[in-house]
Amino acid sequence: MGDVVQSMCVINNRAFIVANNSQKIEVVRMDNFKSIGVINGFASPRYLLPINNSIGYVSDWTDNNIKIVNLNSLSITGSIPTGNGPEQMLLVGNKVYVTNVGGFGNDSSVTVINTMTNSIDTTFK
């Protein structure tokens, strides 16, 4: 499974298990918990937020960005810069609100991402 399971998200009968220290997301079938695949390429993944059935955002704590993940090909397709230490996210309409808790620096901001363009709309400090 990995070292330090941070969070888990169920999407389309698949569990996406975010393993922080192992720098990966393990994907398993919900009916038998057998591995479907692994998403690699993270520095310190924290939380996965589904945007739709094929795209998800993953907060990457030490990289200070949100990784855009294709949930079908199980691959990272891009990234969006945030404040320091991005953590949990909330999807409201076509906006994602990212809490930046500081990581290894000081921060207490909220980054707002437009999911239609995968770009930052604004940052509240």
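Residues numbered from 1 in each chain as written. Predicted model: local features only at pLDDT ≥ 70, side-chain atom pairs only at ≥ 80, totals over all residues. Heavy atoms only, no water.

(A) Inspection of the pairing of strand β3 (residues 24-29) at higher detail. Among the 6 residues in β3, 5 count as buried, and that is most of the element. In this structure, strand β2 (residues 14-19) lies alongside β3, joined through 6 bridges in antiparallel fashion. Paired with valine 18 across the bridge in β3 is isoleucine 25. Counting the residues between successive antiparallel strands, the hairpin from β2 to β3 contains 4 residues, one of them, glutamine 23, with a positive phi of roughly 60°. Judged from the 5 bridges that link them, β3 and strand β4 (residues 35-40) form a sheet pairing that is antiparallel. Within β4, the position partnered with glutamate 26 by the bridge is valine 38. Taking the residues that link successive antiparallel strands as the turn, the β3-β4 hairpin has 5 residues, and the phi of phenylalanine 33 there is positive, at about 60°. (Buried < 20%, exposed > 50% of the residue type's maximum accessible area, 1.4 Å probe, protein only. Helix = DSSP H or I, 4+ residues; strand = E, 2+ residues; numbered from the N terminus. Pairing = 2+ DSSP bridges.)

(B) Spatial organisation of the sheet that holds β3. Pairing within the open sheet is antiparallel, and its 4 strands lie in the order β1-β2-β3-β4. Sheet topology places β1 (5-11) and β4 at the edges, where each strand pairs with a single neighbour. Across this sheet, the average inter-strand angle for adjacent strands is 20°, counted without regard to direction. (Axes fitted to C-alpha atoms, helices over the stretch in contact; angles between N-to-C directions.)

(C) Highlighting a nonpolar patch on the surface. A cluster of nonpolar side chains, namely Met8, Val10, Met30 and Phe33, defines an oily patch on the protein surface of about 370 Å² accessible area. Considering the arrangement of structural elements, one finds methionine 8 in strand β1. The exposure class assigned to methionine 8 is partly exposed, which follows from its relative accessible area of 47%. (Patch = residues over 30% accessible without salt bridge, like charges linked within 9 Å, V, L, I, M, F, W, Y side chains within 5 Å. Areas by Shrake-Rupley, 256 points an atom, 1.4 Å probe, with all protein chains shown as cover. Salt bridge = Lys/Arg side-chain N within 4 Å of Asp/Glu carboxyl O.)

(D) Region of the structure containing the pattern of salt bridges. For the coordinates displayed, the defined rule picks out 6 salt bridges. Residue glutamate 26 is joined to lysine 24 by a salt bridge in which the shortest nitrogen-to-oxygen separation is 3.4 Å. Per residue, the accessibility class of glutamate 26 equals that of lysine 24, and both read buried. The partner of arginine 29 in a salt bridge is aspartate 31, with the nearest N and O atoms 2.3 Å apart. Look at arginine 29 and you get partly exposed, because its relative accessible area is 38%. Relative accessible area serves as the criterion here: at 59%, aspartate 31 is assigned to the exposed category. Within the structure, one salt-bridge network assembled from shared partners comprises Asp60, Asp63 and Lys67.

(E) A look at the packing of aromatic side chains. In this structure the tally under the stated criterion is 0 aromatic pairs. The ring of tryptophan 61 carries arginine 46 above its face, with NZ or CZ at 5.3 Å from the centroid. (Phe/Tyr/Trp six-rings, centres within 6.5 Å; stacked < 30°, edge-to-face > 60°. Lys NZ or Arg CZ within 6 Å of the ring centre and 35° of its normal.)

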